[in-house]
Amino acid sequence: MTIDKNFNPAAIEAKWFAHWEESGAFRPERPDAEPYTIVNPPPNVTGNLHIGHALDNTLQDILIRHARLQGKDALWVVGMDHAGIATQMVVERQLNERQDKRTNYTREEFIEKVWEWKEESGGQITQQLRRLGCSMDWANERFTMDEGMNKAVLKVFVDMHKEGLIYRDKRLVNWDPGLKTAISDLEVETREINGKFWHFSYPLEDGSGAISVATTRPETMLADMAVAVHPKDERYTDMVGKMVRLPITGRLVPIITDDHADPELGSGAVKITPGHDFNDFDVGKRAGFAASEMLNMLDGEGRVVQTSDGLIPDEYIGLYRFGKEGEATNARKMVVEAIDALGLLENVEDRVIQTPFGDRSNEVIEPWLTDQWYVDAETLAKPAIDAVRGGDIKIVPKSWEKTYFNWMENIQPWCVSRQLWWGHRIPAWYGPEIHKNHIMKRTGDDEQPYNTEMNPTIFVAETEVQAIELASRAYQKKNALPNDSKVQVVRNQQESFESILPAIWRDDDVLDTWFSSALWPFATLGWPEETPPWNGEVARSDGGVPPVDRAQGSLRSHPSTTSGGPPPRSGAELLARHYPNDVLISGFDILFFWDARMAMQGLHFMGEVPWKTLYLHGLVRAADGSKMSKSKGNTVDPLGLIDQYGADALRFFMAAMESQGRDIKMDESRVEGYRNFATKLWNAARFAQSNGIGASTTLRAPEAKLAVNRWIIGETQTALDKLNAAFEELRFDGMADIVYHFVWDQYCDWYLELIKPVLSPLPFRGGAGGGASQPNSDSADKPHPNPSPEGEGLDVAETREVAGWVLDQILVMLHPFMPFITEELWHEMGPRSYDIIHAKWPEPRADVDAAASAEIEWLIKLVGEVRTAKNELGIPPGTKMDAFVRDASDATKARLQSQSAALARLARLENVSTDDAPDGGSIQLVVDEATFVLPLEGVIDLGSERARIEKAIAALSKELAGLDGRLGNANFIERAKPEAVEKARADHAEKAAEVGRLQAALARLG
RNA sequence: GGACGUAUAGCUCAGUGGUAGAGCACUGCAUUGACAUUGCAGGGGUCGCAAGUUCAAACCUUGCUACGUCCACCA
């Protein structure tokens, strides 16, 4: 097999992903290996892959593939989120397009439509994640509304209700009039808008004057229940306790004192509308109003409704709060006009107002008094705070800890009920509160059905049958019903009306989507059941990892991969092995929404943290630094980038740019650069292949004799050590940087160049130089036969072995970042009995050979000096020159001997002689102790060479001056670390000597 | 009002006490044996400002400025 001349990412991506997935490669069974687990943040079923997913999932795949290569039992849980509001909106929008609407259907019918939509067009993102190369456990894909998740959700709700951690309460919620549901604090986004500040004059009832109040929400005055002033505000001392006659409604309300009133603001008096303002609600409670007494003047869509005291004039009923498109008038406008007409409008100021918006609907949030379900987050937060404080959860980067603590320590009750149809329906049933005589009476007559609004009794249970049992027991106990009365399943009031037992009916609301995703780290692993997976299928029945050849003690011998075959995957075992998860990768934007809630629920139900490390990454921003958004039209489609540059390039970009604690600015030229990097690797492999280099057979570094081979083995070990350290610290940018430079600079630019003279000692074109003659080959792709004499045969064999071994290490090290090209080249380089996805992470166990390193570094320096000098003197790079060396040590002489072929090839130094250089113009190069003299034979201007050397002397002198300054400072000598002083002295001596040699060279030039 | 982050080459970013690096861009040179999605060489930065600590500061401390983000009930 020959590697194609051109690297075509698209072809290999499709091929390898299909192969991996079909062969079950993403979930090798390694029951004896150390588990490693990541759960993927379930993307919305409505979602498409955006650039943020590309970052998030690339980072996870790097860790998972790395763990897999390390032989761990790596599990990456994947699934989708039902995304309550978003999904319901999508399906409703589709209905609207057909002049249809949700309310034309029953709840069951509508939900059926959502499921249909989900099956047909939902979850496109799962295909898109595959294009990115994500090695998730696709065979066990989950859904936050699948059967298993539903069981988990029900148990959690019921248990927490029993413990008092979930309760129902009537209070102000953030109500979204667009979506007509309550939402949580986190889903509210405060924005600044240009508004007004209206100053009203409220007349006192006794006619003794008026009190001035100011508001940004004039329409809410229809439900005002008080006017508050600060207790210490002496301006109003006399008025406190008096009554105000409100304009328009004529309602009589008291002037009260409350610390909330700010004497500095407006007149210092503030109108109090407990039913439509969070502050006023608290003031109202302090003033003694019960929640049930607080006046409500709006319906769920933000239209005026009559308050319970019936004081709002009819013409206001039905108007929107502050107008909707197409509305001629609205409550705000009418209220202001009416007050103005009464002469009670004092003035109107322009003012920037902090206004709450629903993050999905973009509607202004209305604080609204309703019954909702709440989670006692404060109680749950405590263990989650301790877990981070005590180090059971490590947050990376650490700077986010403070934000986490700040939020958790001030956490508010979490409103989890949503007035939607799509979601986990709340497992609560209601029954009317009734008494014995009431029942007796009802059993006989045919009165109206129960008033369900009246004090319902709540029964929380996992199933309706259980709820009925609870209800039955409760009523029997409370009402002393005869013990022989039968428990009947009653589904509606009419039915119960005919029975002795009361009807119960289920709560209409569903749970916040985040309620179920908070259980993701353990509910996806089988909790609360201990049986096989929910979907009833045995995980990946089509077989596991192909058998691997363990015979050779080589890369193939993967300790943790045994035979293929269907893996046992019991819930209990899964949970025990994979909980806690190892790391969670998440954007900081969902730290509160998701991460914190997983921490709380995991600790509560599992008694252990959900993950040991929480890694938070930033946002991917547009090239100009702005946030990407569909509405701005500045999004970058990751699939487009994959089409253009390949998935490997995009992934490498994400890794390279992921620096802890920082956002990523999109920079397409860097994606292109990493595509070029992939091409470079591709061509290096082609070169290797065409020179008879193939797959290695050993995990350990091969034995080598040649300095260049000993050097690259040491470099491989060094690069690997650095890479391992970067993985340890989750430094993705560091990982990418290390691999990139090792491959390109060390392996390609130097090593492959340096072994060319060994592998094919060709004569220079048209040159008279030695070397075995090699007939011009017509194909670069053919392996060159080794034409060398006997002794060189061993060198060639060794070099091929080392070059192939290093290339294999590169492919494995690079695989987590660039899975596709590495898998392709892995197989192209030779027959393999297993895929690179299951290879073993490098363990060269090689020592760095100091002597070999020194020799190659010397060689690199000398070659560099020659090239630079030629460049600066305008000598064509291909010009062959002879060299005469002065003051060379024996070691240098030996190196000149052993590296003569490399010097000839890379520096075009034909002969290096230790004889005295002939008189005349020459290039003078100082490398370490030796000076190399390259006669120019009048080719160039002596003045140029003189100038070049003077420039070098000047640069060195500047450094010397700095060192002189330090060494001349007594404080430095006395107080600096001895190593620093020693190093300064050594540097000084070395540079001084080099200046001396350059000056001598200059002198020789005459 | 709190909290956090960022400020380093033209651009995008690394660099956590010993006189600054990468990628892209730029300049010059190179074109039959891996690669122009290339090679070789080069130019380019008083590390936001100020003060302090230190023998020594891009790096530690404090203050300031600019930009960004999150949290918070200012009607």
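An account of the accompanying structure is given in this report.

In this structure, Y747, Y751, F817 and F932 are the most contacted members of the largest nonpolar core, which totals 156 residues. In terms of residue count, the dominant contributor to this core is helix α22 (residues 732–759) (16 residues). F932 has contacts with W858, L862, F884, V885, T892, L896, V912, I923, Q924, L925 and V927, leaving out every residue within four places of it along the chain. V156, I166, I395 and L584 belong to the second-largest nonpolar core, a separate cluster that totals 62 residues.

Taken N-terminus to C-terminus, the directions of helix α18 (residues 638–645) and helix α19 (residues 647–657) make an angle of 120°; their axes are 7 Å apart at the nearest point. Judged by the inter-axis angle, α18 sits oblique to α19. From α18, P638, L641, I642 and Y645 reach across to α19, where they touch A647, A649 and L650. For the contact of α18 with α19, the residue count by class is seven nonpolar, no polar and no charged.

What you see with strand β9 (residues 226–229) is no split at all: A226 and A228 on one side and V227 and V229 on the other are buried throughout. Across four bridges, β9 lies against strand β12 (residues 269–272) in antiparallel orientation. When the bridges of β12 are listed, A228 appears paired with V270. Where β9 lies against strand β11 (residues 252–257), three bridges are found, and the strand directions are parallel.

To continue, consider the environment of G79. Along the chain, G79 falls in strand β3 (residues 79–80). Owing to a relative accessible area of 2%, G79 belongs among the buried residues under this scheme. With sequence-adjacent residues up to four places away left out, G79 is seen in contact with P42, P43, E141, R142 and W520.

In this section: the pattern of salt bridges. In this structure the tally under the stated criterion is 49 salt bridges. R191 is the partner of E189 in a salt bridge, and the nearest nitrogen-oxygen pair spans 3.3 Å. Overall, E189 belongs to the partly exposed group, its relative accessible area being 37%. The structure contains a network of salt bridges with shared partners spanning R217, E219, R321, R332 and E366.

Read across the open sheet, the three strands follow the order β19-β18-β20; overall the sheet is antiparallel. Since the sheet does not close on itself, it has two edges, and those belong to β19 (457–460) and β20 (505–506), each with one partner. Where strand β18 (residues 428–431) lies against β19, four bridges are found, and the strand directions are antiparallel. Within the sheet, the bridge partner assigned to Y430 lies in β19 and is I458.

With an omega of 5°, the peptide bond between W527 and P528 qualifies as cis. Note that P528 resides in the loop between α15 (520–523) and α16 (571–578). Of note, the bond from Y579 into P580 is cis; its omega dihedral lies within 30 degrees of zero at -5°. Within the element layout of this structure, P580 appears in the loop between α16 and β22 (581–587). We note that Q99 has phi near 55°; this positive angle belongs to a residue other than glycine. Classification of Q99 by relative accessible area gives exposed; the value is 73%. Even without being glycine, K180 reaches a positive phi, approximately 55°. Here K180 shows up in the loop between β5 (166–176) and β6 (181–183). K180 sits in the partly exposed class, given a relative accessible area of 36%.

Now for the sheet that holds strand β14 (residues 366–375). One open sheet holds the four strands; their spatial order is β6-β5-β14-β16, and the pairing between them is antiparallel. Each of the sheet's edge strands pairs with one partner strand only, and the pair in question is β6 and β16 (414–415). As paired elements, β14 and β16 share two bridges and run antiparallel to each other. Of the residues in β16, the one forming a bridge with V375 is W414. In the packing of helix α7 (residues 278–286) onto the sheet, contacts are made with β5 and β14, and the angle to β5 comes to roughly 135°.

Reading the values: the criteria
Throughout this description, residue numbers start from 1 for each chain and increase along the sequence as written. Working convention: letters from A go to chains and numbers from 1 go to ligands, in the order in which they are written. Where local features are concerned, this predicted model is filtered to residues with pLDDT of at least 70; where side-chain atom pairs are given and counted, the filter is 80 or more; whole-chain, interface and lining totals use all residues. Based on all heavy atoms of the structure, the side-chain values leave hydrogens and waters out of the count. To qualify as a nonpolar core, a set must consist of buried Ala, Val, Leu, Ile, Met, Phe, Trp, Tyr and Cys residues joined through side-chain atoms within 4.5 Å. Relative accessible area decides the class of each residue, using a 1.4 Å probe on protein chains only: under 20% of the type maximum gives buried, over 50% gives exposed, and in between gives partly exposed. Comment: elements are numbered from the N terminus, with helices defined as DSSP H or I runs of at least four residues and strands as E runs of at least two. We call two residues in contact when some of their heavy atoms are within 4.5 Å. In this description, a line fitted to the C-alpha atoms serves as the axis of each element, helices being fitted only across the stretch in contact, and the angle between N-to-C directions of two axes falls anywhere from 0 to 180 degrees. Here is the rule for angles: anything less than 35 degrees is roughly parallel, anything more than 145 is roughly antiparallel, 65 through 115 is roughly perpendicular, and the remaining ranges are oblique. The residue classification treats Ala, Val, Leu, Ile, Met, Phe, Trp, Tyr, Cys and Pro as nonpolar and Asp, Glu, Lys and Arg as charged. All others, Gly included, are polar. DSSP calls a pair of strands paired once it identifies at least 2 bridges connecting them. Salt bridges, as used here, are contacts in which a Lys or Arg side-chain nitrogen is within 4 Å of a carboxyl oxygen on Asp or Glu.

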